[in-house]
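Remarks on the overall topology
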Amino acid sequence: MSVNNLESSLFPSDNFLNASSWGMKVAQTDHFLTILLKHLDPETVIMVTAPTDFEFDYRGQAIVDHHKLDQYFVSRNLFTTHLRYLSLTYMVSEFRDIQRDRQGRQTYYSLDFDSGGSVPLATISEGFERIGQRWMKPVASESMIDPENYAALATLVQRCTDAGKTFYLIQAPIREDILSPTDRDFLTQRHWPKLAEQVQVNGGSFHNFHGELALTSEQFADSTHLNRMGAQRLSKAIMALINESH
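Along its length, the chain carries nine helices and three strands. Put simply, the chain runs from its N terminus to its C terminus through helices and strands in the order α-α-β-α-α-α-α-α-β-α-β-α. For the chain, the residues scored as buried account for 46% of the 246 residues in total. Within the chain, contacts between residues separated by at least 24 positions form 76% of all contacts whose residues are at least 6 apart in sequence. For the chain, the computed accessible surface area is about 13200 Å², with 53% contributed by carbon and sulfur atoms.

In this section: the confidence of the model for the chain. In this model, the chain carries an average pLDDT of 85, and 89% of its residues clear a pLDDT of 70 or more. Segment residues 123–128: pLDDT under 50, and 13 contacts once partners within four positions in sequence are set aside and those in other chains are kept.

Okay, the nonpolar core next. Of all hydrophobic cores here, the largest spans 32 residues; its most connected members are Leu 153, Phe 167, Leu 169 and Leu 195. Among the elements of the structure, helix H2 (26–39), strand E1 (44–49), helix H7 (147–162), strand E2 (166–171) and helix H8 (181–201) are those that each provide at least two residues to this core. Sequence-distant contacts of Leu 195, defined by excluding residues within four places in its chain, comprise Thr 49, Phe 54, Tyr 150, Leu 153, Leu 169 and Phe 206. Leu 6, Trp 135, Ile 170 and Leu 234 belong to the second largest nonpolar core, which has 23 residues in total.

Read from one edge of the open sheet, three strands run E1-E2-E3, paired in parallel fashion. Across the chains shown, the open sheet's two edge strands, defined by having one partner strand only, are E1 and strand E3 (205–208). Strand-to-strand twist in this sheet, taken as the mean axis angle between neighbours without regard to direction, amounts to 20°. Relative to E2, E1 runs parallel, the two sharing six bridges. Residue pairing in the sheet places Thr 49 in a bridge with Gln 171 of E2.

Parameters at a glance
Residues numbered from 1 in each chain as written. Predicted model: local features only at pLDDT ≥ 70, side-chain atom pairs only at ≥ 80, totals over all residues. Heavy atoms only, no water. Helix = DSSP H or I, 4+ residues; strand = E, 2+ residues; numbered from the N terminus. Buried < 20%, exposed > 50% of the residue type's maximum accessible area, 1.4 Å probe, protein only. Contact = heavy atoms within 4.5 Å. Areas by Shrake-Rupley, 256 points an atom, 1.4 Å probe, with all protein chains shown as cover. pLDDT = per-residue confidence, 0-100. Core = buried A, V, L, I, M, F, W, Y, C linked by side-chain atoms within 4.5 Å. Pairing = 2+ DSSP bridges. Axes fitted to C-alpha atoms, helices over the stretch in contact; angles between N-to-C directions.

Shown next as structure tokens:
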């Protein structure tokens, strides 16, 4: 959610880094953060979230090899490090898809990243403004939630607090028409109150922009991800929130 929904050009360009990654649940994000904080010293950590971040996942928490990733941070020659640690099996098996993705901007995986590490939403083709196959994808229902991810959120926030970092958990807007009455009740009565509790008790700040930042369907790329118009509005709101806090 942070990769897609933050427009880094709206943040101070000399000291903003989007270090997020696709496909991780909260427990995996916390695992990844332990590596990042060894090599980076941010003043503020911003995590944009959606209910899908708290779903069950078929992988374990340790989807990242600490040793291999450490080598990328400390390497003086990134090219040789890539040669040493890239998976040849993956490259061979996925070559055709990789080649297709690099020839156009028709999938998420075809995107480059801007200097701040975010998806360069301003360069996305008009055909990418709405992702048809994901437009009606439901958000996580209560039955899909893994309680371990709530516990991982508490650990993640405490990790930032102990390291002297200011932590913000940002709930991005969700398309209202995608929410069933049952899912809406779950989010408002149990999920979001749980997030607020876990974050605030451990020294962070939780802000829910769903409902507060009124967006139309034209500002979404799918059920939860924003397109360039929506991401710009959310990023401006986050910057205003941080400036007010300071």
